[in-house]
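This is what each chain is made of:
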Amino acid sequence: MARPAWTCSPSAMTEWESPDYEPALPVSEKSNPLTRDMDRASAKCIVRMLQACDAQMFQGGTGTTYQRLLSEPVLEALTEVAKKVEHILKSTFNRALKELDHSLVYSYIIAGGDRALLSSQEAPEDDAQLGALSLQKVCEGQKSVLFIGISCGLSAPFVAGQLDFCLQHPEVFTPVLVGFNPTHQARDERIRGCSFTFRSVVRRMEELAKRRGAFLLNPAVGPEAVSGSSRMKGGSSTKILLEVVLSAAHAAAFADTPITPTGVRQHIRAHEEALEITYAQAEGIGALLEAAGQSLRRGGRLCYLGWGPLGTLGLMDASECVPTFGAGCEDVRGFISGGYTALNNNEGPLGPDFGIGHEDFLRQVLPSLSDRDIVLLLYTHADRVGQVAELARAVREKTSNVHAVYHQVNGHAAAAVQQDDINRLCLSSLKFTWPSPTAQWELSTKLLLNAVSTGAHVLKGKIFQNHMVDVQVTNSKLYRRATRLLQKLSGCPESRCEEALLKAVYRVDELTADITSSDISEHTQAARSATKAVPLALICLLSDCSLLEAATRLQREPVVREAVEVCLS
């Protein structure tokens, strides 16, 4: 079937801002008008859609409904948070100089622990008490803590619990909330085991923010290209906000550069330039996307072999494909030179099931590699390019489907000979040239990897229109999202949609009293082992058929949209 052409109109870029556009949904859960027919688009069109969606991050608002990334209140809040970080840096390093002990300034906490860096660990997001306890443990004995809680939809109970803990101890903690919905769209459902909701925590923070005892960084960046997939713009915008704050704070602490809203704006504009440099290679990105889609459709694998921070980005992108697209854990995998030493995670090596080093790739993946698979090499010319060439040779002996994505500084020719070798070994080489060494090639690589893995799964048929229809409903947020999606696509009442979802999760045609009396946490626990729950429920709703019949139809036509259209014809 010929895939339709796509054009981007100015009105489509801002349509989501209308109060009449999907008014019941927060911004982070709305569908993006730019990508309505993404599941029918060509690889080239998918890249153009993603480019337009990513550009919305830096768009000015058309009215007063939403604060944007470059809005004055957001710039001012970023400036104040950066000043807080500067103060901590100066006081910590002054103390360290006195004690000759360079103690750590930064630490991270992630729901589900370090395994969540490499695989889907959605359930811990629902545990507010665990969030508070983990923060308390990390900060024990500290006298001054700036805590940055990240919840793209202002919805994660884990983060709400941490923010509540901060608010209970204002003498120690200054809480900062990063998210991408306005505060009135924060989740208002009571959190299990707690007396508060996410929205009530946000209201308390807003009061404290008036005295600069708390900060909210929640610009609207537009709906995700695949609705609700916060790994994309949500992840990119989070990276931008954190890098702006930390780079401004470091420049102030160690180079006496004043922190001002104008300087913060310039930092943000530098990230916008990175987006433009990345999508200037739209044709090459589209070719990679097409090749990755062909591999996944043929039952092959997409493997990222990375060096340094780009290797870490490959690990992150691969880990997010399982919950987002219902992908198999072997479908997309990332590997980093140096393994856990390079990753430098809190818990160190996570066991044999979580092999992430190039040695793990050579031992576990390379022997079975074939032309059905695709391998992407991710590096900069500041990395060991000779090592890249050596690994490219080993891969090339198994498959011709190997591609290079690399960054270099304009005029830097030290690695030219090794790069020529890599170019001869690879089916394609995508080069990004920058005026000077920059952290922006991390954002550039993230945008590229998001485009390749998302587009490949679109071409495989893993989304419906622009919805994550094959999502795993492994926490309360995803459970509610799945129910809303079934309601939207089927036109059936919410109660009937939830019933169909539960039948698909438990694989029964009739719900028992035990199932209907269970709470959402038990349903999401059961959903961990349930594949294609949402597509099955949708087919059952549209066709009024049994689960077995729905499964047969999906087996016959695995592309969800085409299976649905058969039901409607």
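Owing to the predicted nature of the structure, the values given are computational and were not obtained by experimental measurement. (Residues numbered from 1 in each chain as written. Predicted model: local features only at pLDDT ≥ 70, side-chain atom pairs only at ≥ 80, totals over all residues. Heavy atoms only, no water.)

Engineer: Could you give me a rundown of helix α4 (residues 128–138), with the residues and numbers involved?
Structural biologist: Among all positions of α4, only Ala128, Gly131, Ala132, Ser134 and Leu135 are buried. The buried residues of α4 occupy one face: seen down the axis, they fall within an arc of 165°. Opposite its buried face, α4 presents the exposed residues Leu133 and Lys137, each directed more than 90 degrees away. (Buried < 20%, exposed > 50% of the residue type's maximum accessible area, 1.4 Å probe, protein only. Helix = DSSP H or I, 4+ residues; strand = E, 2+ residues; numbered from the N terminus. Arc of directions from axis to C-beta.)

Engineer: Explain the sheet that holds strand β3 (residues 215–217) to me, using residue names and the numbers behind them.
Structural biologist: If you trace the 3 strands from one edge of the open sheet to the other, you get β1-β2-β3, paired in parallel fashion. In the strand order of this sheet, the two ends are held by β1 (145–150) and β3, each with one partner. Taken pair by pair, the neighbouring strands of this sheet meet at an average axis angle of 20°, ignoring direction. Two strands pair when backbone bridges link them, and strand β2 (residues 173–178) and β3 are joined in this way by 3 bridges, in the parallel orientation. The partner of Val176 across the bridge, within β3, is Phe215. The strands touched by helix α5 (residues 157–168) within the sheet are β1 and β2, with β2 carrying the most contacts at an inclination of about 150°. Helix-sheet contacts for helix α7 (residues 233–255) involve β1, β2 and β3, and the interaxial angle to β1 is about 165°. (Pairing = 2+ DSSP bridges. Axes fitted to C-alpha atoms, helices over the stretch in contact; angles between N-to-C directions. Contact = heavy atoms within 4.5 Å.)

Engineer: Quick rundown of the sheet that holds strand β6 (residues 374–380)? Include the residues and the values.
Structural biologist: The 5 strands are arranged β5-β4-β6-β7-β8 in an open sheet whose pairing can be described as parallel. Among the strands making up the open sheet, the edge pair consists of β5 (332–336) and β8 (428–434). Adjacent strand axes in the sheet meet at a mean angle of 15° when their direction is disregarded. Here 7 bridges tie strand β7 (residues 402–409) to β8, and the two strands are oriented parallel to one another. Opposite Gln408, over in β8, you have Thr433 as the bridge partner. The strands touched by helix α9 (residues 282–297) within the sheet are β4 (302–306), β6, β7 and β8, with β6 carrying the most contacts at an inclination of about 145°. Sheet contacts for helix α12 (residues 358–365): β4 and β5; angle to β5, the most-contacted strand, approximately 135°.

Engineer: Summarise the state of the cysteines; cite the residues concerned and give the values.
Structural biologist: Under the criterion given, the structure shown has 0 disulfides. No disulfide involves Cys194; its sulfur sits 14 Å from that of Cys166, the nearest cysteine. (Disulfide = S-S within 2.5 Å.)

Engineer: Can you explain unusual backbone geometry? Please cite residues and give values.
Structural biologist: In this structure, Arg212 is a non-glycine residue whose phi angle is positive, near 60°. Mapped onto the elements of the fold, Arg212 is located in the loop between α6 (198–209) and β3. If you check the backbone angles, Asp256 has positive phi at about 55° while not being a glycine. By the secondary structure assignment, Asp256 is in the loop between α7 and α8 (261–279).

Engineer: Describe empty space enclosed by the protein, and please don't skip the residues or the numbers.
Structural biologist: The rolling of a water-molecule-sized probe over the atoms marks out the regions of remaining empty space. If you walk through the whole model with that rule in mind, you get 3 cavities of 30 Å³ or more. Contributing to the lining of the largest cavity are Leu50, Asp54, Met232, Lys233, Ser236, Tyr279, Leu447, Asn450 and Ala451. Elements that contribute at least two residues to the lining of the largest cavity include exactly α2 (43–55), α7 and α15 (440–460). Of the residues forming the lining of the largest cavity, the biggest block, 3 residues, is contributed by α15. Its residues assigned to classes, the lining of the largest cavity comprises 5 nonpolar, 2 polar and 2 charged. (1 Å grid on protein atoms, 1.4 Å probe; cavity = no way out; pocket = protein on both sides within 12 Å on 5 of 7 lines; lining within 4 Å. Points joined across faces, edges and corners; volume = space filled by probe spheres on them. Nonpolar A, V, L, I, M, F, W, Y, C, P; charged D, E, K, R; others polar.)

Engineer: Describe in detail the confidence of the model for the protein chain, supporting the description with residues and values.
Structural biologist: Across the protein chain, the average pLDDT comes to 91, with 95% of residues at or above 70. The least confident element of the protein chain is helix α3 (residues 72–99), whose mean pLDDT is 78; the most confident is β4, at 98. (pLDDT = per-residue confidence, 0-100.)

Engineer: Which residues make up the pattern of salt bridges, and what are the values?
Structural biologist: In the structure shown here, the tally under the stated rule is 30 salt bridges. For Lys462, the salt bridge identified is with Asp470, shortest N-O distance 2.6 Å. As far as the burial class goes, Lys462 and Asp470 line up, both buried. Residues joined in a network through salt bridges with shared partners are Glu29, Arg481 and Arg484. (Salt bridge = Lys/Arg side-chain N within 4 Å of Asp/Glu carboxyl O.)

Engineer: How would you summarise the nonpolar core if you had to cite specific residues and measurements?
Structural biologist: Met38, Leu78, Ile268 and Val534 are the most contacted members of the largest nonpolar core, which totals 121 residues. Broken down by element, the residue count for this core peaks at 10 residues, all from α15. If you look at the next biggest cluster of nonpolar residues, it comprises 28 residues, including Ala128, Ala186, Cys194 and Leu216. (Core = buried A, V, L, I, M, F, W, Y, C linked by side-chain atoms within 4.5 Å.)

Engineer: Go over the environment of Ile191 with me, naming the residues and quoting the values.
Structural biologist: Here Ile191 is to be found in the loop between β2 and α6. Residues Ile191 and Asp317 lie 126 residues apart in sequence; the distance between their C-alpha atoms is 29 Å.

Engineer: Run through the environment of Glu330, naming residues and quoting values.
Structural biologist: Of note, Glu330 is situated in the loop between α10 (308–325) and β5. Here the side chain of Glu330 touches Arg333 through a polar contact of 3.3 Å, side chain to side chain. (Polar contact = N/O pair within 3.5 Å; in protein donor to acceptor, adjacent residues only side chain to side chain.)

Engineer: Outline the side chain of Glu224, listing residues and values.
Structural biologist: Counting through the fold element by element, Glu224 comes out in the loop between β3 and α7. Reaching out from Glu224, the side chain makes a polar contact with the backbone nitrogen of Lys233 at a distance of 2.8 Å. Among the polar contacts made by the side chain of Glu224, one reaches the main-chain amide nitrogen of Gly234 at a distance of 2.7 Å. Not counting residues up to four positions away in its chain, the partners in contact with Glu224 are Asn32, Ser229, Ser230, Met232, Lys233 and Gly234.

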